[in-house]
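If you want the building blocks of each chain, they are given just below.
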Amino acid sequence: MARRVSQYLRLQSLPAIRVPRLDSIRHRILVLAVLGTLVPTAIMLAIAYAQNYRALESRIIADLHSESSQTAGAVSVFVKERMHDLRVFASSEEVSSNLSRFASGQGSIPSVRLREYLRSLHGRFADFDQLVVLDAAGRMLATSAQQSQPVELPPEWQTSMRQENHVVGRAYWDARAGKGKLIVAVPVRRTDGRLLGAFAAELNLAPIQLQLRSFLENAGTAGSVYLTTDDGALIASTGDVSAQLLSTTFPAETWGQLVQQEHAAVHYASLTDAGVIGTLERVPQLRWAVVAEKSTDDAFEQVRAFRNFGMLVMVLVLLVVAMTAYRLGMLIVRPLEQLATGAAEVAMGDLEVDLPPAETGGEVNALTAVFNHMVARLREKRQELASTNEELRTKNEELERLSVTDGLTGLSNHRALMQRLGDEVVRSKRTARPFAVIMADVDHFKAYNDAFGHPAGDDVLKQVAGILMEATRTVDCAARYGGEEFAVLLPETELDGVMEVAERIRARVEATLFPGRAITLSVGVAVFPKDSSEAAGIIAAADEALYVAKREGRNQVVQAKRPRKQKLPAPPPTAARARKKPVRKKS
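Everything numeric in this text was worked out from a predicted model, so none of it was measured. Here the residue numbers are simple positions, counted from 1 along each chain's written sequence. The predicted nature of this model means local features are confined to residues of pLDDT at least 70 and side-chain atom pairs, given and counted, to a pLDDT of 80 or more, with totals for whole chains, interfaces and linings taken over all residues. Side-chain numbers come from the whole structure's heavy atoms, not from hydrogens or water.

Draft legend 1. Summary view of helix α3 (residues 93-104). Secondary structure elements follow DSSP: runs of H or I no shorter than four residues count as helices, runs of E no shorter than two count as strands, and numbering proceeds from the N terminus. Helix span, as expected, comes to 1.5 Å for every residue beyond the first. Here α3 spans 16 Å end to end across 12 residues, near enough to the 16 Å set by a 1.5 Å rise per residue. Under the scheme applied here, a residue whose accessible area is under 20% of the maximum for its type counts as buried, over 50% as exposed, and between as partly exposed, the area being computed with a 1.4 Å probe on protein chains only. Glu94, Val95, Ser96, Asn98 and Leu99 are the residues of α3 that are buried.

Okay, here's the thing in structure tokens:
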């Protein structure tokens with residue numbers, strides 16, 4: 001039934017009671033409840049998430065800025081202290097006197113006291129791996145190392161000495177010592193200010209790396225701190241100091257963002273391709289910078305947890321609201337849907353609908369009662385109409401039967417025979433299958449009527465008709481052709497078959513006991529298309545054979561002798577009898 005209703009609704013034959021699934025009141029209530037809950041909740045969650053995100057981001061930026069600033073200051077202090085130590089070392093009379101003597105050409109090798117001085121300094125200051133005295137040309141004059149190791153100052157070291165009063169070289173990895181090192185140097189001048197040489201030292205980067213790590217641990221945050229040159233080359237990090245680290249440089253795009261947004265937070269991909277947020281802070285009085293960064297996953301873990309919790313709460317609220325709205329919609333809409341479905345079923349012709357009372361009562365319950373009363377009245381009207389239609393159908397069938405049936409004998413009448421004959425001619429021509437026609441006339445019927453009266457003659461005709469119906473098949477057409485003359489149409493019947501049927505009919509009539517005296521038949525047969533290829537012609541051929549049977553003594557069956565072609569329709573039986581009476585006498 002539901003399928004029938006849905007099909008009916010798709011046909012849109014009753015748009016007034018059509019109930020589209022997506023436009024039902026129940027779904028509108030559900031959507032309204034969901035949207036009424038979802039939109040405000042989602043807006044509040046988005047606002048809270050954005051505020052928490054900005055607040056957390058501000059706090060992270062402040063922490064990173066504080067870390068980078070403190071680290072940059074600490075590194076600057078550390079380097080300055082080492083520079084101060086070197087300046088104190090360089091101010092020694094032993095250093096300046098040896099450089100002056102070497103510069104004036106009075107000596108070609110440093111004194112033993114100078115080497116001892118350097119070695120004693122190296123033993124007291126562990127941050128320096130080697131102390132070296134260089135002449136004005138950058139050549140090594142003396143070293144604290146047992147084995148001499150070359151120290152290379154930057155090409156522009158003399159310019160740096162004049163401008164900045166110190167030299168800081170690039171960090172490098174000493175593979176033999178397995179350490180990261182940095183060359184720092186201070187000038188050694190004469191009293192007149194002329195440059196005599198430089199006092200340089202190999203500074204171990206391990207203390208700087210420890211200092212970076214200690215600041216990060218004291219801050220209590222998870223992340224990384226990098227010490228770099230002003231072009232992004234790494235010097236040290238909180239992780240380690242290695243050959244790989246010292247050969248690494250920040251990507252140009254990332255470094256450009258950090259430099260351009262100095263002191264501000266920048267989101268970028270770290271050296272390990274992880275998403276981070278970081279800040280850059282310059283190291284005072286050095287061409288260095290400190291980059292402090294923190295993983296965004298770790299940084300915003302709290303706000304993401306808040307977001308996930310808020311979404312979970314929102315989903316739970318939506319489920320509760322949806323279930324409540326659905327239940328309310330069912331209570332409100334179900335009676336209306338039952339009414340709509342019942343109306344659709346009634347429109348489809350099903351008047352056995354009887355809707356139950358609505359649970360909610362009120363107006364919907366009253367409407368349901370009115371609907372059931374209306375359907376009951378429709379059922380009564382349909383029963384009355386069905387009874388009337390049945391009577392009309394019976395009358396029509398009776399009229400139809402009477403229009404094609406002979407009223408006296410119950411056989412087909414002349415009109416029905418001719419219609420069936422026309423159809424059989426068309427079918428025979430299409431299938432190339434023959435059919436046969438029998439024409440039979442009661443012998444001396446007029447004399448019988450005159451002797452025994454017309455009621456007795458009517459009884460004879462009824463008995464002959466009964467014999468015809470018993471002797472023929474269901475597919476055959478037995479008809480009263482006119483007066484005392486009968487005709488039988490036999491589809492798909494050859495000459496032998498029709499002769500057998502005709503003889504059987506004649507014999508049964510002869511053997512039947514009629515009131516007064518015996519009754520016999522004169523019978524003529526013809527086969528289509530052998531005897532004629534037209535409807536009128538085949539009737540004329542059988543009728544002519546009938547007259548031959550009467551002329552030759554009656555009570556016999558005669559077949560048509562030759563084919564006939566008859567283009568004009570056969571005349572009515574009364575006219576045929578009028579034309580034939582001079583030739584044949586029937587009594």
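And the narrative resumes.
Draft legend 2. Highlighting the sheet that holds strand β10 (residues 275-282). The rule for pairing is simple: two strands pair if DSSP sees at least two bridges between them. The five strands are arranged β8-β7-β11-β10-β9 in an open sheet whose pairing can be described as antiparallel. With one partner strand each, in any of the chains shown, β8 (234-237) and β9 (266-269) form the two edges of the open sheet. Pairs of neighbouring strands in the sheet enclose a mean axial angle of 35°, with direction left out of account. In this structure, β9 lies alongside β10, joined through four bridges in antiparallel fashion. Simply put, an axis is a line fit to the C-alpha atoms, just over the touching stretch for a helix, and the angle between two N-to-C directions goes from 0 to 180 degrees.

Draft legend 3. Up close: the environment of Lys179. Structurally, the position occupied by Lys179 is in strand β5 (residues 179-189). Along the chain, Lys179 and Leu205 lie 26 residues apart, while their C-alpha atoms are 7.6 Å from each other. Residues contacting Lys179, with those up to four places away along its chain left out, are Asp129, Tyr172, Trp173, Asp174 and Asn204. Throughout, a residue-residue contact means that at least one pair of heavy atoms, one from each residue, lies within 4.5 Å.

Draft legend 4. Up close: the packing of aromatic side chains. Between 30 and 60 degrees the pair is tilted, below 30 it is stacked and above 60 it is edge-to-face, where a pair is any two Phe, Tyr or Trp rings, Trp via its six-membered ring, whose centres lie within 6.5 Å. All chains considered together, the criterion is met by six aromatic pairs. Taking the centre distance of 6.3 Å and the plane angle of 75° together, the rings of Phe89 and Phe128 count as edge-to-face. Of this pair, Phe89 sits in helix α2 (residues 25-90) while Phe128 sits in strand β1 (residues 128-135), and the two are 39 residues apart along the sequence. Each member of the pair, Phe89 together with Phe128, is buried. Chaining the aromatic ring pairs together yields one cluster made of Phe89, Phe128 and Phe199. Directly above the ring of Phe78 sits Arg82, whose terminal nitrogen or CZ lies 4.5 Å from the centroid. Over a ring means this: the NZ of a Lys or the CZ of an Arg is within 6 Å of the ring centre and within 35 degrees of the ring normal.

Draft legend 5. Quick look at the packing of α3 against helix α4 (residues 112-124). Relative orientation of the contacting elements α3 and α4 amounts to 140°, with a least axis distance of 10 Å. Taken together, α3 and α4 sit at an angle that is classed as oblique. Where α3 crosses over α4, the handedness of that crossing is left-handed. Along the contact surface, α3 presents Glu94, Val95 and Asn98, while α4 presents Arg113, Leu114 and Tyr117. Residue classes follow a fixed rule: Ala, Val, Leu, Ile, Met, Phe, Trp, Tyr, Cys and Pro count as nonpolar, while Asp, Glu, Lys and Arg count as charged, and any other residue, Gly among them, counts as polar. In the contact of α3 with α4, the residues fall into three nonpolar, one polar and two charged. Angles are sorted into four bins: roughly parallel if under 35 degrees, roughly antiparallel if over 145, roughly perpendicular if 65 to 115, and oblique for all others. Should the near helix be turned anticlockwise from the far one by less than a right angle, the crossing is left-handed, and should it be turned clockwise, the crossing is right-handed.

Draft legend 6. Representation of the nonpolar core. Counting residues in hydrophobic clusters, the biggest one holds 49 residues, and the most contacted among them are Leu86, Val133, Phe199, Leu227 and Trp288. Non-local contacts of Trp288, meaning those with residues more than four positions away in its chain, are made with Val75, Val79, Val168, Leu182, Leu227, Thr228, Thr229, Asp230, Ile235, Arg282 and Val283. By convention a nonpolar core is built from buried Ala, Val, Leu, Ile, Met, Phe, Trp, Tyr and Cys residues, the set being connected through side-chain atoms within 4.5 Å.

Draft legend 7. Representation of the sheet that holds strand β12 (residues 435-442) in the model. Spatially, the five strands line up as an open sheet ordered β13-β14-β12-β15-β16, and their pairing is mixed. Of all strands in the sheet, those with a lone pairing partner are β13 (477-482) and β16 (557-559), marking the two edges. For this sheet, the mean inter-axis angle between neighbouring strands, taken without regard to orientation, is 20°. Across eight bridges, β12 lies against strand β15 (residues 521-528) in antiparallel orientation.

Draft legend 8. Region of interest: the pairing of β12. Across the eight residues that make up β12, a large majority, eight, are buried. Of the two faces of β12, both are covered, the one formed by Phe435, Val437, Met439 and Asp441 as well as the one formed by Ala436, Ile438, Ala440 and Val442.

Draft legend 9. Representation of the pattern of salt bridges. Salt bridge, as used here: a side-chain nitrogen of Lys or Arg that lies within 4 Å of a carboxyl oxygen of Asp or Glu. Under the counting rule described, the total for this entry stands at 19 salt bridges. For Lys181, the salt bridge identified is with Glu202, shortest N-O distance 3.3 Å. Within this pair, whereas Lys181 is found in strand β5, its partner Glu202 is found in strand β6 (residues 195-204), the two being separated by 21 residues in sequence. The pair formed by Lys181 and Glu202 is uniform in burial state, with each residue classed as buried. Between Arg427 and Glu492 there is a salt bridge, with the nearest N and O atoms lying 3.2 Å from each other. With Arg427 in helix α12 (residues 414-431) and Glu492 in the loop between β14 (485-491) and α15 (495-511), the pair connects residues that are 65 residues apart, well separated along the chain. Each member of the salt-bridge network shares a partner with another, and the members are Glu424, Arg427, Arg433 and Glu492.

Draft legend 10. How the structure looks around the packing of helix α13 (residues 445-452) against helix α14 (residues 454-471). Put simply, α13 and α14 touch, their axes get as near as 7 Å, and they point 135° apart. Of the possible angle classes, the one that applies to α13 and α14 is oblique. Of the residues in α14, those touching α13 at Phe445, Tyr448, Asn449 and Phe452 are His454, Ala456, Gly457, Val460 and Leu461. In terms of residue class, the contact of α13 with α14 is built from six nonpolar, three polar and no charged.

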